[in-house]
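Analysis of the macromolecular model
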Amino acid sequence: MSVTTSIATASVALARALADSAAEMEDALDTLLPVAEGDEARLYEAMRYSAMGGGKRMRAFLVLEGARQFNVSRTAGLRVAAAIEMIHAYSLVHDDLPAMDNDDLRRGKPTNHKAFDEATAILAGDALQCHAFTVLADEETHPDPAVRIELVRAISRAAGPRGMCGGQMLDMMAEQGRIPPEEAAIGRLQTLKTGKLIEVSAEAGAILGKAPAQQRHALLAYGRDLGAAFQIADDILDATASAEDTGKATGKDAGAGKATLVGLLGIERARMQAERLVTQARDHLDAFGERADMLRALADYTISRRS
(Lines give C-alpha, C1' and ligand atoms only; values in the text may rest on other atoms or scores of the structure.)
Protein backbone atom coordinates (compact mmCIF):
# COMPACT_ATOMS: atom_id res chain seq x y z
CA MET A 1 0.00 0.00 0.00
CA SER A 2 1.41 3.42 -0.97
CA VAL A 3 1.84 6.23 1.55
CA THR A 4 -0.87 8.26 -0.23
CA THR A 5 -3.32 5.34 -0.11
CA SER A 6 -2.49 4.72 3.56
CA ILE A 7 -3.15 8.37 4.44
CA ALA A 8 -6.43 8.35 2.50
CA THR A 9 -7.55 5.15 4.26
CA ALA A 10 -6.71 6.62 7.67
CA SER A 11 -8.60 9.80 6.77
CA VAL A 12 -11.75 7.85 5.88
CA ALA A 13 -11.49 5.78 9.06
CA LEU A 14 -11.02 8.93 11.13
CA ALA A 15 -14.03 10.62 9.55
CA ARG A 16 -16.17 7.61 10.43
CA ALA A 17 -14.78 7.43 13.98
CA LEU A 18 -15.34 11.17 14.53
CA ALA A 19 -18.92 10.90 13.28
CA ASP A 20 -19.63 7.90 15.49
CA SER A 21 -18.18 9.51 18.62
CA ALA A 22 -20.01 12.79 17.88
CA ALA A 23 -23.30 10.89 17.70
CA GLU A 24 -22.54 9.18 21.01
CA MET A 25 -21.63 12.56 22.48
CA GLU A 26 -24.94 14.02 21.36
CA ASP A 27 -26.83 11.22 23.08
CA ALA A 28 -24.76 11.65 26.26
CA LEU A 29 -25.37 15.40 26.37
CA ASP A 30 -29.08 14.85 25.72
CA THR A 31 -29.17 12.62 28.81
CA LEU A 32 -27.00 14.84 31.02
CA LEU A 33 -28.76 18.06 29.96
CA PRO A 34 -32.41 16.95 29.92
CA VAL A 35 -35.24 19.11 28.64
CA ALA A 36 -36.61 20.81 31.75
CA GLU A 37 -40.04 22.05 32.68
CA GLY A 38 -41.02 24.88 34.98
CA ASP A 39 -39.20 28.11 35.76
CA GLU A 40 -35.73 26.82 34.83
CA ALA A 41 -36.80 25.62 31.38
CA ARG A 42 -35.42 28.65 29.52
CA LEU A 43 -32.01 28.24 31.13
CA TYR A 44 -31.83 24.56 30.18
CA GLU A 45 -32.95 25.44 26.66
CA ALA A 46 -30.10 27.94 26.34
CA MET A 47 -27.61 25.41 27.76
CA ARG A 48 -28.73 22.74 25.31
CA TYR A 49 -28.70 25.25 22.43
CA SER A 50 -24.95 25.79 22.75
CA ALA A 51 -23.83 22.39 24.03
CA MET A 52 -25.69 20.26 21.50
CA GLY A 53 -26.24 20.06 17.77
CA GLY A 54 -22.86 20.82 16.27
CA GLY A 55 -19.14 21.16 16.53
CA LYS A 56 -16.28 18.84 15.69
CA ARG A 57 -16.31 17.25 19.17
CA MET A 58 -12.54 16.93 18.90
CA ARG A 59 -12.06 17.25 22.66
CA ALA A 60 -14.60 14.51 23.28
CA PHE A 61 -12.89 12.30 20.71
CA LEU A 62 -9.56 12.83 22.47
CA VAL A 63 -11.06 11.74 25.79
CA LEU A 64 -12.66 8.64 24.26
CA GLU A 65 -9.58 7.59 22.29
CA GLY A 66 -7.32 8.21 25.29
CA ALA A 67 -9.64 6.12 27.47
CA ARG A 68 -9.62 3.34 24.87
CA GLN A 69 -5.85 2.97 25.27
CA PHE A 70 -6.50 1.72 28.83
CA ASN A 71 -9.76 -0.21 28.30
CA VAL A 72 -11.80 2.32 30.27
CA SER A 73 -15.56 1.79 30.11
CA ARG A 74 -17.31 3.74 27.36
CA THR A 75 -19.78 5.17 29.89
CA ALA A 76 -16.99 6.68 31.98
CA GLY A 77 -15.29 8.10 28.90
CA LEU A 78 -18.51 9.62 27.60
CA ARG A 79 -19.30 11.30 30.91
CA VAL A 80 -15.87 12.91 31.12
CA ALA A 81 -16.02 13.86 27.44
CA ALA A 82 -19.45 15.42 27.98
CA ALA A 83 -18.17 17.42 30.94
CA ILE A 84 -15.30 18.82 28.88
CA GLU A 85 -17.67 19.60 26.00
CA MET A 86 -19.87 21.53 28.45
CA ILE A 87 -16.88 23.56 29.58
CA HIS A 88 -15.89 24.19 25.97
CA ALA A 89 -19.46 25.24 25.13
CA TYR A 90 -19.57 27.63 28.09
CA SER A 91 -16.32 29.23 26.93
CA LEU A 92 -17.74 29.78 23.45
CA VAL A 93 -20.96 31.30 24.80
CA HIS A 94 -18.99 33.80 26.87
CA ASP A 95 -16.37 34.37 24.17
CA ASP A 96 -19.13 35.40 21.72
CA LEU A 97 -20.62 38.01 24.07
CA PRO A 98 -20.48 41.72 23.10
CA ALA A 99 -18.03 42.39 25.95
CA MET A 100 -15.64 39.79 24.52
CA ASP A 101 -15.44 38.95 20.78
CA ASN A 102 -18.95 40.19 19.94
CA ASP A 103 -19.81 37.46 17.44
CA ASP A 104 -23.21 36.83 15.85
CA LEU A 105 -22.52 33.39 14.36
CA ARG A 106 -21.30 30.13 15.89
CA ARG A 107 -21.42 26.69 14.29
CA GLY A 108 -23.50 28.13 11.48
CA LYS A 109 -26.28 29.48 13.70
CA PRO A 110 -26.90 32.60 15.81
CA THR A 111 -24.74 32.84 18.93
CA ASN A 112 -26.43 32.22 22.26
CA HIS A 113 -26.91 35.87 23.18
CA LYS A 114 -28.51 36.47 19.76
CA ALA A 115 -30.83 33.48 20.04
CA PHE A 116 -31.78 34.35 23.63
CA ASP A 117 -30.37 37.48 25.29
CA GLU A 118 -27.12 38.52 26.95
CA ALA A 119 -28.19 37.80 30.52
CA THR A 120 -29.48 34.34 29.62
CA ALA A 121 -26.29 33.59 27.68
CA ILE A 122 -24.14 34.52 30.68
CA LEU A 123 -26.21 32.30 32.96
CA ALA A 124 -26.20 29.45 30.43
CA GLY A 125 -22.40 29.57 30.32
CA ASP A 126 -22.16 29.69 34.10
CA ALA A 127 -24.56 26.77 34.45
CA LEU A 128 -22.75 24.64 31.85
CA GLN A 129 -19.48 25.08 33.71
CA CYS A 130 -21.03 24.20 37.08
CA HIS A 131 -22.91 21.21 35.70
CA ALA A 132 -19.72 19.85 34.13
CA PHE A 133 -18.16 19.46 37.57
CA THR A 134 -21.35 17.91 38.94
CA VAL A 135 -20.97 15.22 36.28
CA LEU A 136 -17.26 14.71 37.00
CA ALA A 137 -17.82 14.41 40.75
CA ASP A 138 -20.59 11.79 40.43
CA GLU A 139 -19.56 8.22 41.29
CA GLU A 140 -21.13 7.05 38.01
CA THR A 141 -18.16 8.69 36.27
CA HIS A 142 -15.68 6.52 38.21
CA PRO A 143 -16.08 4.42 41.37
CA ASP A 144 -12.74 5.61 42.79
CA PRO A 145 -13.12 9.03 44.47
CA ALA A 146 -9.37 9.67 44.03
CA VAL A 147 -9.80 9.41 40.26
CA ARG A 148 -12.79 11.77 40.33
CA ILE A 149 -10.84 14.29 42.41
CA GLU A 150 -7.91 14.09 40.00
CA LEU A 151 -10.25 14.68 37.04
CA VAL A 152 -11.78 17.71 38.75
CA ARG A 153 -8.34 19.06 39.62
CA ALA A 154 -6.86 18.59 36.16
CA ILE A 155 -9.86 19.91 34.24
CA SER A 156 -10.52 22.89 36.52
CA ARG A 157 -6.86 23.85 36.28
CA ALA A 158 -7.00 23.65 32.48
CA ALA A 159 -10.09 25.88 32.41
CA GLY A 160 -9.09 28.37 35.11
CA PRO A 161 -6.76 31.35 35.56
CA ARG A 162 -3.66 29.35 34.58
CA GLY A 163 -5.52 27.88 31.64
CA MET A 164 -8.38 28.87 29.35
CA CYS A 165 -9.62 31.88 31.33
CA GLY A 166 -6.10 33.19 31.80
CA GLY A 167 -5.50 32.83 28.08
CA GLN A 168 -8.64 34.84 27.31
CA MET A 169 -7.37 37.59 29.60
CA LEU A 170 -4.03 37.61 27.80
CA ASP A 171 -5.89 37.74 24.47
CA MET A 172 -7.72 40.88 25.54
CA MET A 173 -4.51 42.43 26.84
CA ALA A 174 -2.83 41.69 23.51
CA GLU A 175 -5.62 43.49 21.66
CA GLN A 176 -4.95 46.50 23.89
CA GLY A 177 -1.24 46.40 23.06
CA ARG A 178 -0.29 45.37 26.60
CA ILE A 179 1.44 42.16 25.50
CA PRO A 180 4.31 42.33 22.98
CA PRO A 181 3.61 40.75 19.57
CA GLU A 182 6.43 38.24 19.99
CA GLU A 183 6.38 34.51 19.21
CA ALA A 184 6.93 33.38 22.82
CA ALA A 185 4.20 35.65 24.20
CA ILE A 186 1.70 34.62 21.51
CA GLY A 187 2.57 30.96 22.02
CA ARG A 188 1.87 31.22 25.74
CA LEU A 189 -1.41 33.05 25.13
CA GLN A 190 -2.61 30.35 22.75
CA THR A 191 -1.37 27.52 24.96
CA LEU A 192 -3.52 28.82 27.79
CA LYS A 193 -6.58 29.92 25.83
CA THR A 194 -6.97 26.91 23.54
CA GLY A 195 -4.24 24.40 24.28
CA LYS A 196 -4.85 23.57 27.92
CA LEU A 197 -8.37 22.21 27.41
CA ILE A 198 -7.19 20.11 24.45
CA GLU A 199 -4.21 18.94 26.52
CA VAL A 200 -6.38 17.77 29.42
CA SER A 201 -8.80 16.11 26.99
CA ALA A 202 -5.93 13.94 25.76
CA GLU A 203 -4.79 13.27 29.33
CA ALA A 204 -8.22 12.47 30.80
CA GLY A 205 -8.37 8.91 29.50
CA ALA A 206 -5.08 8.15 31.23
CA ILE A 207 -6.47 9.57 34.49
CA LEU A 208 -9.57 7.40 34.14
CA GLY A 209 -7.42 4.36 33.42
CA LYS A 210 -5.00 5.01 36.32
CA ALA A 211 -2.22 4.85 33.75
CA PRO A 212 1.48 4.84 34.68
CA ALA A 213 3.05 8.29 34.82
CA GLN A 214 5.04 7.75 31.62
CA GLN A 215 1.96 6.94 29.55
CA ARG A 216 -0.05 9.75 31.09
CA HIS A 217 2.77 12.17 30.29
CA ALA A 218 2.95 10.89 26.69
CA LEU A 219 -0.74 11.63 26.10
CA LEU A 220 -0.42 15.00 27.81
CA ALA A 221 2.55 15.91 25.58
CA TYR A 222 0.62 14.72 22.53
CA GLY A 223 -2.29 16.96 23.53
CA ARG A 224 0.03 19.92 24.10
CA ASP A 225 1.50 19.75 20.60
CA LEU A 226 -1.85 18.94 19.04
CA GLY A 227 -3.45 21.95 20.76
CA ALA A 228 -0.73 24.29 19.52
CA ALA A 229 -1.09 22.98 15.95
CA PHE A 230 -4.89 23.23 16.18
CA GLN A 231 -4.74 26.91 17.15
CA ILE A 232 -2.36 27.78 14.32
CA ALA A 233 -4.65 25.94 11.88
CA ASP A 234 -7.62 27.85 13.30
CA ASP A 235 -5.80 31.15 12.74
CA ILE A 236 -4.94 30.14 9.17
CA LEU A 237 -8.60 29.33 8.54
CA ASP A 238 -9.63 32.71 9.97
CA ALA A 239 -7.29 34.36 7.47
CA THR A 240 -8.11 32.22 4.43
CA ALA A 241 -11.51 30.49 4.73
CA SER A 242 -15.04 31.79 4.34
CA ALA A 243 -17.76 31.95 6.97
CA GLU A 244 -19.61 29.26 4.98
CA ASP A 245 -16.60 26.94 5.39
CA THR A 246 -16.10 27.50 9.10
CA GLY A 247 -19.62 28.20 10.38
CA LYS A 248 -18.45 31.40 12.09
CA ALA A 249 -17.25 34.84 11.12
CA THR A 250 -13.78 34.90 9.57
CA GLY A 251 -11.21 37.62 9.01
CA LYS A 252 -11.87 39.08 12.44
CA ASP A 253 -8.47 38.39 13.98
CA ALA A 254 -6.60 40.79 11.71
CA GLY A 255 -9.35 43.39 11.92
CA ALA A 256 -9.34 43.29 15.71
CA GLY A 257 -5.56 43.36 15.91
CA LYS A 258 -5.47 39.96 17.62
CA ALA A 259 -2.08 38.44 18.39
CA THR A 260 -1.64 35.30 16.27
CA LEU A 261 1.35 33.40 14.91
CA VAL A 262 -0.16 33.80 11.44
CA GLY A 263 -0.07 37.58 11.85
CA LEU A 264 3.49 37.45 13.17
CA LEU A 265 5.06 34.81 10.91
CA GLY A 266 2.84 34.84 7.83
CA ILE A 267 0.69 31.97 6.59
CA GLU A 268 3.43 29.77 5.11
CA ARG A 269 5.80 29.92 8.08
CA ALA A 270 2.90 29.39 10.47
CA ARG A 271 1.80 26.37 8.44
CA MET A 272 5.30 24.92 8.65
CA GLN A 273 5.27 25.42 12.42
CA ALA A 274 1.94 23.58 12.65
CA GLU A 275 3.34 20.70 10.59
CA ARG A 276 6.34 20.41 12.93
CA LEU A 277 4.02 20.30 15.92
CA VAL A 278 1.93 17.55 14.34
CA THR A 279 5.07 15.47 13.74
CA GLN A 280 6.02 15.91 17.40
CA ALA A 281 2.50 15.00 18.52
CA ARG A 282 2.61 11.76 16.52
CA ASP A 283 6.02 10.88 17.97
CA HIS A 284 4.63 11.02 21.52
CA LEU A 285 2.33 8.09 20.64
CA ASP A 286 5.07 5.60 19.70
CA ALA A 287 4.65 3.60 22.91
CA PHE A 288 0.96 2.93 22.18
CA GLY A 289 1.52 1.18 18.85
CA GLU A 290 -1.31 0.70 16.35
CA ARG A 291 -3.91 1.20 19.06
CA ALA A 292 -3.28 4.96 18.81
CA ASP A 293 -3.69 5.17 15.02
CA MET A 294 -6.84 7.29 15.32
CA LEU A 295 -4.98 9.79 17.48
CA ARG A 296 -2.24 9.97 14.84
CA ALA A 297 -4.85 10.49 12.13
CA LEU A 298 -6.45 13.23 14.23
CA ALA A 299 -3.13 15.05 14.41
CA ASP A 300 -2.87 14.97 10.60
CA TYR A 301 -6.48 16.13 10.26
CA THR A 302 -5.86 19.09 12.56
CA ILE A 303 -3.85 20.92 9.91
CA SER A 304 -5.79 19.73 6.85
CA ARG A 305 -9.34 20.57 8.01
CA ARG A 306 -11.47 23.27 6.42
CA SER A 307 -13.65 24.13 9.39
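Residues numbered from 1 in each chain as written. Predicted model: local features only at pLDDT ≥ 70, side-chain atom pairs only at ≥ 80, totals over all residues. Heavy atoms only, no water.

Digging into the nonpolar core
Here is a general trend for soluble globular proteins: nonpolar side chains tend to be buried in one another's company. Counting residues in hydrophobic clusters, the biggest one holds 86 residues, and the most contacted among them are L62, V80, M86, Y222 and L298. Aside from chain neighbours lying at most four places away, what touches Y222 is L62, A202, A281, H284, L285, L295, L298 and A299. (Core = buried A, V, L, I, M, F, W, Y, C linked by side-chain atoms within 4.5 Å. Buried < 20%, exposed > 50% of the residue type's maximum accessible area, 1.4 Å probe, protein only. Contact = heavy atoms within 4.5 Å.)

As for the packing of aromatic side chains
Applying the stated rule across the entire model yields 2 aromatic pairs. Taken together, a centroid distance of 5.5 Å and an interplanar angle of 85° make the contact between Y49 and F116 edge-to-face. Within this pair, whereas Y49 is found in helix α2 (residues 41-51), its partner F116 is found in the loop between α5 (112-115) and α6 (118-137), the two being separated by 67 residues in sequence. The exposure class assigned to Y49 is partly exposed, which follows from its relative accessible area of 21%. With a centroid separation of 6.1 Å and 85° between ring planes, the pair formed by F70 and F288 is classed as edge-to-face. Highlighted residues: F70 in the loop between α3 (58-68) and α4 (74-95) and F288 in the loop between α14 (267-283) and α15 (293-302), separated in sequence by 218 residues. By relative accessible area, F70 is classed as buried at 17%. F288 gets classed as buried once you look at its relative accessible area, which sits at 10%. The aromatic ring of Y49 is capped on one face by K109, whose charged end is 4.0 Å from the ring centroid. (Phe/Tyr/Trp six-rings, centres within 6.5 Å; stacked < 30°, edge-to-face > 60°. Helix = DSSP H or I, 4+ residues; strand = E, 2+ residues; numbered from the N terminus. Lys NZ or Arg CZ within 6 Å of the ring centre and 35° of its normal.)

Overview of the packing of helix α10 (residues 213-240) against α14
The N-to-C vectors of α10 and α14 enclose an angle of 155°; their axes lie 8 Å apart at closest approach. With respect to α14, the axis of α10 lies roughly antiparallel. In the crossing of α10 with α14, the sense of the turn from one axis to the other is left-handed. Counting all contacts with α10, which are made through Y222, D225, L226, A228, A229, I232, I236, A239 and T240, the residues of α14 involved are I267, A270, R271, Q273, A274, L277, V278, Q280 and A281. Its residues placed into classes, the contact of α10 with α14 shows 13 nonpolar, 3 polar and 2 charged. (Axes fitted to C-alpha atoms, helices over the stretch in contact; angles between N-to-C directions. Parallel < 35°, antiparallel > 145°, perpendicular 65-115°, else oblique. Left-handed = near helix turned anticlockwise from the far one by under 90°. Nonpolar A, V, L, I, M, F, W, Y, C, P; charged D, E, K, R; others polar.)

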